[in-house]
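# Observations on the model geometry
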Amino acid sequence: MNGTHQHVSQPPFSALGLESLQEWARAHELPAYRALQFFHALTKLGIGEFGELTEFPLDLRRRIGAERPLRSLQVRMHLHSPTDGSQKVLFALADGMTVETVLIPSTRSADPRRYTVCVSSQVGCPAGCTFCATGLSGFGRNLTGYEIADQVMYFAQALRPEGRRVTNVVFMGMGEPFLNVPSVRDAVQRLTDPAGFGLGQRHLTVSTVGIVPQIRKFAQWGGQVNLAISLHAPNDDLRSSLVPYNQRFPIKDLMDAARNYIASTRRRVSFEYVLLKGTNDSLDLARELARLLLPFGGSAHVNLIPWNPFREGRFVRSEGPDADAFARALHEGGLNATIRYSKGLDISAACGQLRDTVELKKASNPSSDAADLTPLQRTIA
Ligand code: SF4
């Protein structure tokens, strides 16, 4: 994505906003319109190579290509699912750390041109949810706003030749977005800037495990951006065993924050619930969940997500009749609920799985580049 040079001393061009590009153009004695052309190419077209800067003369492209990278990410692995069309990329950052990003095409016939990018906001995650591959692998660092936005721009560029585009972005990849608010706000600003990528705020969703003070602040800064809360259990004992942050921000405080958010924004909240067989999928728990969320009325929607197994995961996926029965009990309890089967199971699309698998391969065979990971289409850069 960045070309062949690796310049770690300077942030990439994608880090620069329009004003910074204008300053940069002045410093390089370039006419002001070059800054605007560059900004449009970076943010509207989503170019991934200096060669795509076709409005720039070749010698200028070469000169700036030697200065710093175009973007912040390099593709380490790109997997395509032959079963559902989802794609997953493992990106290397300038410091060699890696993050995952998933592209999810719509399967709804009413909405065939919907392409959702699921971005990571941190390398690893400090939240440590016990059912999550990323949570078990620990925390590396926060991503910057441009590292988050560049994940979207990568897929924008990949879809462009086919006349398709990224229509939705969800902050549901690696990391807890509300533990990295400045970068998430910066990424939201970059992705919704009408002069740049120009996504509507309603096409973005930030998903949190329940960092209560930040939910309260999000009610002020989030605008029309959607909020999803990862609940996973209707009572504190069970939730604390799945989501350690529940000990700090118990369900009562979380519900207060959600109520406050709905009252001040008049927007709906999605509650995410990973279904773990024999752990949180009993009908009694479904009824308890219905009682907990019923006061939100139509402002709450529950997304039931059968758990995606991974190497060290100690849970069992709840699906089929069990998931149906759980959803039915929620409906009978008066809640809106949808079962959402994750895409890309064949390409380790659940957050943290691909990185986990590649690290495992490297540990067992340092010369391996995970070349025999799966029989799927694959690009290794
Ligand atoms: S589920 Fe989300 S918040 Fe929890 S550990 Fe995984 S990435 Fe972090």
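Anyway, here's the lowdown on the structure attached to this text.

Definitions and cut-offs
- Residues numbered from 1 in each chain as written.
- Predicted model: local features only at pLDDT ≥ 70, side-chain atom pairs only at ≥ 80, totals over all residues.
- Heavy atoms only, no water.
- Buried < 20%, exposed > 50% of the residue type's maximum accessible area, 1.4 Å probe, protein only.
- Helix = DSSP H or I, 4+ residues; strand = E, 2+ residues; numbered from the N terminus.
- Pairing = 2+ DSSP bridges.
- Salt bridge = Lys/Arg side-chain N within 4 Å of Asp/Glu carboxyl O.
- Core = buried A, V, L, I, M, F, W, Y, C linked by side-chain atoms within 4.5 Å.
- Contact = heavy atoms within 4.5 Å.
- Near = heavy atom within 4 Å.
- Nonpolar A, V, L, I, M, F, W, Y, C, P; charged D, E, K, R; others polar.

Judged by how many residues are buried, strand β3 (residues 98-105) sits mostly within the fold: seven of eight residues are covered. Pairing of strand β2 (residues 87-92) with β3 involves six bridges; the strand directions are antiparallel. In the sheet register, F91 faces β3, and the bridge partner there is V99. Count of turn residues in the β2/β3 antiparallel hairpin: five residues, of which G96 carries a positive phi of about 90 degrees. Sheet topology places β3 next to strand β4 (residues 115-118); four bridges connect them, and they run antiparallel. Within the sheet, the bridge partner assigned to P105 lies in β4 and is Y115.

In this section: the pairing of β2. Across the six residues that make up β2, a large majority, six, are buried. Residue alternation in β2 divides its side chains into two sets, Q87, V89 and F91 and K88, L90 and A92, and both sets are buried. Taking the residues between adjacent antiparallel strands as the criterion, strand β1 (residues 74-80) and β2 are bridged by six residues, where G85 takes a positive phi near 80 degrees.

As a working rule, side chains carrying opposite charge can pair if their charged atoms are close by. Applying the stated rule across the entire model yields 13 salt bridges. Between R141 and D95 there is a salt bridge, and its shortest N-O distance comes to 2.6 Å. Of the two residues, R141 sits in strand β6 (residues 139-142) while D95 sits in the loop between β2 and β3, which places them 46 residues apart along the sequence. Accessibility expressed as a relative area gives 43% for D95, which makes it partly exposed. Measuring nitrogen to oxygen at the nearest pair gives 3.1 Å for the salt bridge that ties D186 to R190.

On to the nonpolar core. Within the largest apolar cluster, 89 residues are counted, with the highest numbers of intra-cluster contacts made by F131, F171, F271 and L330. Of the residues forming this core, the biggest block, eight residues, is contributed by helix α5 (residues 145-159). Every residue in contact with F271, bar those within four places of it in the chain, is listed here: I229, L231, M255, A258, L293, F296, A300, H301, V302 and N303. Judged by nonpolar contacts, the second largest core, of 18 residues, contains L16, L53, I64 and L70.

Near the ligand you find nine residues, and of these C125, C129, C132, G135 and G175 are the closest. For the shell around the ligand, the per-class residue count stands at five nonpolar, four polar and no charged.

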